Each structure stands twice: as C-alpha cells, then as structure tokens.
Amino acid sequence: MQQTVQLQPAQAYQAPRFTVYQHRQIDKIEQLDKLPEHLRFEMKVVANVFPFRVNNFVIEELIDWHKVPNDPVFQLTFPQRGMLDDESYEQMATLLKSEHTPEEVFNLATEIRHKLNPHPAGQMEKNVPEYDGERVEGIQHKYKETVLFFPSQGQYCHSYCTFCFRWAQFVGKATRFNNNDEDLLHNYLAEHKEVTDLLMTGGDPMVMRTVKLRKYLETLKEPRFDHIKTIRIGTKSLTFWPFRYVTDPDAKELLILIKELVDAGKHVSIMAHINHKQELRTDITKEAIRLIRKTGAQIRTQAPLLNNINTDPLMWSEMWKEQTQMGMIPYYMFIERDTGAKRYFELPLYKTWEIFREAYKNVSGVSRTVRGPSMSAGPGKVEVSGVTEIHGEKVFALRFIQARNPDWVQRPFFAKFDENAMWLNDLKPAFGEEKFFWEDEYNTM
Ligand SMILES: *Cc1c(COP(=O)(O)O)cnc(C)c1O
C-alpha cells in the first residue's frame, strides 16, 4: 500500500477523454478547417494508403497550428502529399474524385502498398522462431540475447506516425505479428536461457490495460525466468498519451507493476520514441517521466532521423540535453527504413552522419550514450561511423552495433562513398573488394 502513496502524481491533473480521429474523420478535425481545401483533399488521398490515426492531445497540445504545414508534429502525424509518388497519388486522387466503391479504393490501396516494400529487413521470413515445431508469430528472435514480443492487444498506437516502418501492420486485413497466448511467450523464454532481454513492442504495448500487461510480465519474477534480466517496453505514449502514467484509471496499477518488476531485480527500461523536442514541452509528459523514474525504471530514448521533421542538428543536441536533464538516457538515432513513405522522409547516408556528428559534438559525455546513425537492416544494425578518405579513395566507415552473428559486431568495414546512397543495399565494398566480410555468411542464414 505504501507503494500506492509514493507513486501519486504531484498534483491533481485533469484527465481528458481520449478522442481519436481516423481517416474517415478528417473532416471532423476543427483545426483543419482553416487549411486550404486542396491540403485536406491531399490528406484524404494519402490516408487511404497509409494508416492515419491521431488523438486530441496531439492535436491540441503538441502541434503548433500557426506553423502548419511545416510544424514537425503535424508532419509526424498527418498524411503528406509527398509520401506518395506522383503516379500512385494521381491514381488514388482520380478514383476519389469519380464515382467509386469502397472495394475499388481498397483494391487500389492494396496495389500501391505492395509497391512500397511493406515488410523490410526480411522480418516475415527470417526472424520468426519455432516452438514445438510451430511458428510463433508474435515473436521475433533476431539477436541472440534479445527477444521481441508483439502482444496482440498492443498492435496499434495512441496516434500513428507518418514515417512508421511498421505501417503495413496497421492497414489491410492481416496482422501477421501477433500472438494472444502469454503461455507461448513464457514457454519460449523459459526454454531459451541465452535470452537476457525481453523487448515488448507493437504497435504500442502501452495501449494495453495494466491487467493485460501484468499477465505477460508478472510471471517473469519466477525463478525459471532468472535469465531474463532486462524488460524493455517500446512506446510513444510518453509524449503522445502521457496520461497513461498519470490519470488513466489504471495508471497507478501500471506504475506498481513496473516497480514490482524492478524490486524483483529486473532492469526495466521504457524505450521512449521521441522524434522532436517539441514533444517534450507539456507538463503532463514531465509528470509521467517523474512518476516512471520513481519506480526505479529507466527511460531510454530513440528515434529516426527524418527529412521534413527533424533534420536540424541543433534540435537534436537540445533534445538530447533536455532528455538527459529530465532523467532519460539518449539511446539510438536511426536511419529511416527502406519501406513505406521513405521517399518523403529519407536522407542520403552521408547527410545522416553529418547531422549526427554535428549534434553529438555539441553535447557532453552524459548524453553521448546515444548511438547512430544506425540502419536496422537484414544483417544487423549498421552504424555509419563516418565518411573519410583512405589512400585517395573516399569511403564510408561502417560497423555493426548489433548483428545476426555476434562476432560481426564492432569490426570496421568500408564502402565506396556514394552521395545518393540511402540504405545498406545501395552500398558497394570499397578498395576493389567484391563483398563485405559478412555477406557470404549472411546469405546462408
Ligand atoms: C534493435 C533491435 C533489438 C535490440 O538491440 P539492442 O542492441 O540490444 O538495443 C532487438 N531486436 C531487433 C530486431 C532489433 O532491431
């Protein structure tokens, strides 16, 4: 009971009602009334292809409407014309302007989505493990020590992000990654003693009620799970619905659950997805951070670098400094994945390194816990360590932060410099080599 008292919010906060708008409700969002009609039409066209979902808190507190359409949180949540190539856009726009059935729209959307590499990095085939001879669809086990779990009730978010690399999970009919069965997760973990980290992801696991989260997590306190040292929960809720930790009916129970896991000796880390420092400005987010930190859990932050949203290095260094000040640990800067609306958000690799370097050099050591810029590609997480010249050849220096074979980690390798390269598969080995050192082995995996 003492726990309950300790984890109280510092003051009474208003609990707003959670209201969410999806693509059929675009016309109901009052703030959009002031925008030119063509912008609203463009949004509707794009929202038929990519998932769209935004809540009242994001609309009312995080977006600066006088800066729209350039506001970063607006770009982060509302569909943008540039997310589709001209041909796909015109096809969908033409269909919407003429007489059409929902089925025709769905079929065209499906066709367009297929062209957008919906399942990057071999996620559908390569990372799904087996238990008792059957594929366990809700689990990905790519790196030896870490298991990713996709609880089926967590396969959506409080708001969707426009750039999201998991976009394909939120549209169409099939959600392939999910698994209703906590027993399956527990059996799998109990049998895999090499696993030290459980990473719950989604969607967003924090959309789940605490009773459900408890079913998945409480059991991990038992001795048969002593090898599970770390529990990470990936979430956007800290900035997109901070009420989850402060005023939601089961907010207190959530904090108690986290504290119980910490007290049982687990390292609990909330992996907070924060794309722009503007997301950190509300009092309720500050209070959520304070309450989570009181449980003894850590908060680590991560986000991709995105054209049209967060290309300013000064913003990144300020954001990392603020995060550190608030008690969070900057963890990853990612490179936008090769899927979905990447055409609108991607940047050349050399630019991602320039931005990272410019931001990193302006923070002190306590914020240099952040790593990147990193590509989550098939063979692993590849960091663009830099651009340099060796014996007159301009090259990218690269290294694995995390790899399918742990032995690849931290071995420098080099690719020919290419100002247009956006992703690992655009790169060719430097110095006349035929392949990268890991390629043959990767192809047999
Ligand atoms: C990033 C990632 C992890 C976690 O890796 P860490 O280096 O421990 O942060 C685990 N699984 C997958 C598939 C990942 O992409």
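In this text, all values refer to a predicted model and were calculated from it rather than measured experimentally.

Looking only at helices and strands, the protein has 17 helices and 15 strands in total. A compact globule built from 445 residues would reach a C-alpha radius of gyration of about 22 Å, and the protein, at 22 Å, matches this within 12%. With the C-alpha coordinates of the protein rotated into their principal frame, the extents come out at 65 × 55 × 50 Å. Expressed as a percentage of its 445 residues, the buried residues of the protein come to 59%. Partitioning the contacts of the protein with sequence separation of at least 6, the portion at a separation of at least 24 is 73%. For the protein, the exposed surface amounts to about 19,500 Å²; the carbon and sulfur share of it is 47%. Once the 57 positive and 61 negative side-chain charges of the protein are each reduced to a mean point, those two points are 4 Å apart.

This part takes up the domain arrangement of the protein. Under the domain assignment used here, the protein contains domain 1 (16-114), domain 2 (121-296) and domain 3 (332-445). If you average the C-alpha positions of domain 1 and of domain 2, the two centres end up 28 Å apart. Counting from both sides, the interface comprises 30 residues of domain 1 and, opposite them, 26 residues of domain 2. In this assembly, domain 1 packs against domain 2 so that about 2,300 Å² is buried in total across both faces, 67% of it on carbon and sulfur atoms. For the domain 1 face of the interface with domain 2, the top three residues by lost area are Pro51, Arg53 and Leu76, together amounting to 30%. One salt bridge connects Arg281 with Asp64, and the closest N-O pair in it is separated by 3.0 Å. Across the domain 1-domain 2 interface, the total number found is 13 residue pairs in polar contact (both at pLDDT 80 or more).

The ligand sits among Lys142, Tyr143, Thr146, Leu148, Arg232, Tyr331, Tyr332, Lys381 and Gln402. Contact between the ligand and Tyr332: an oxygen atom at 2.9 Å from a side-chain N or O atom of the residue. One nitrogen or oxygen atom from the side chain of Lys381 is found 2.8 Å from an oxygen atom belonging to the ligand. With the chains in place, 87% of the 390 Å² that the ligand exposes on its own is no longer accessible. Counting only elements with at least two residues in the shell around the ligand, the list comes to β5 (139-143), β6 (146-149) and β11 (329-335). Residue composition of the shell around the ligand, by class: 4 nonpolar, 2 polar and 3 charged. Mapping the shell around the ligand onto the domain boundaries places at least three of its residues in each of domain 2 (121-296) and domain 3 (332-445).

Time to look at unusual backbone geometry. Of note, the amide linkage connecting Gly202 to Gly203 takes the cis form, showing an omega dihedral of 15°. Assignment of secondary structure puts Gly203 in the loop between β7 (197-200) and α9 (210-217). Residues Gly372 and Pro373 are joined by a peptide bond in cis, for which omega reads -10°. Residue placement: Pro373 occurs in strand β12 (residues 371-377).

We now examine the nonpolar core. Phe78, Leu198, Leu217 and Trp316 are the most contacted members of the largest nonpolar core, which totals 114 residues. Counting residues per element, this core draws most heavily on helix α12 (residues 251-263), which supplies 7 residues. Apart from the residues lying within four places of it in its own chain, the contact partners of Phe78 are Ile29, Leu32, Met43, Phe52, Val54, Ile59, Ile63, Trp65 and Thr162. Ile335, Trp353, Ala415 and Ala421 belong to the second-largest nonpolar core, a separate cluster that totals 23 residues.

What follows covers the pairing of β12. The element β12 is largely enclosed, with a buried count of 6 among its 7 residues. Note that β11 and β12 share 2 bridges and pair parallel. By the bridge assignment, Tyr332 is partnered in β12 with Arg371. Sheet analysis places β12 next to strand β13 (residues 380-390), joined by 4 bridges and oriented antiparallel.

Thresholds, definitions, all that
Residues numbered from 1 in each chain as written. Predicted model: local features only at pLDDT ≥ 70, side-chain atom pairs only at ≥ 80, totals over all residues. Heavy atoms only, no water. Helix = DSSP H or I, 4+ residues; strand = E, 2+ residues; numbered from the N terminus. Rg over C-alpha atoms; globule rule 2.2 N^0.38 Å. Buried < 20%, exposed > 50% of the residue type's maximum accessible area, 1.4 Å probe, protein only. Contact = heavy atoms within 4.5 Å. Areas by Shrake-Rupley, 256 points an atom, 1.4 Å probe, with all protein chains shown as cover. Lys, Arg positive; Asp, Glu negative; His and termini not counted. Charge placed at Lys NZ, Arg CZ, Asp CG, Glu CD. Domains from an automatic or database assignment. Buried area = accessible area lost by both parts, 1.4 Å probe. Salt bridge = Lys/Arg side-chain N within 4 Å of Asp/Glu carboxyl O. Polar contact = N/O pair within 3.5 Å; in protein donor to acceptor, adjacent residues only side chain to side chain. Near = heavy atom within 4 Å. Nonpolar A, V, L, I, M, F, W, Y, C, P; charged D, E, K, R; others polar. Core = buried A, V, L, I, M, F, W, Y, C linked by side-chain atoms within 4.5 Å. Pairing = 2+ DSSP bridges.

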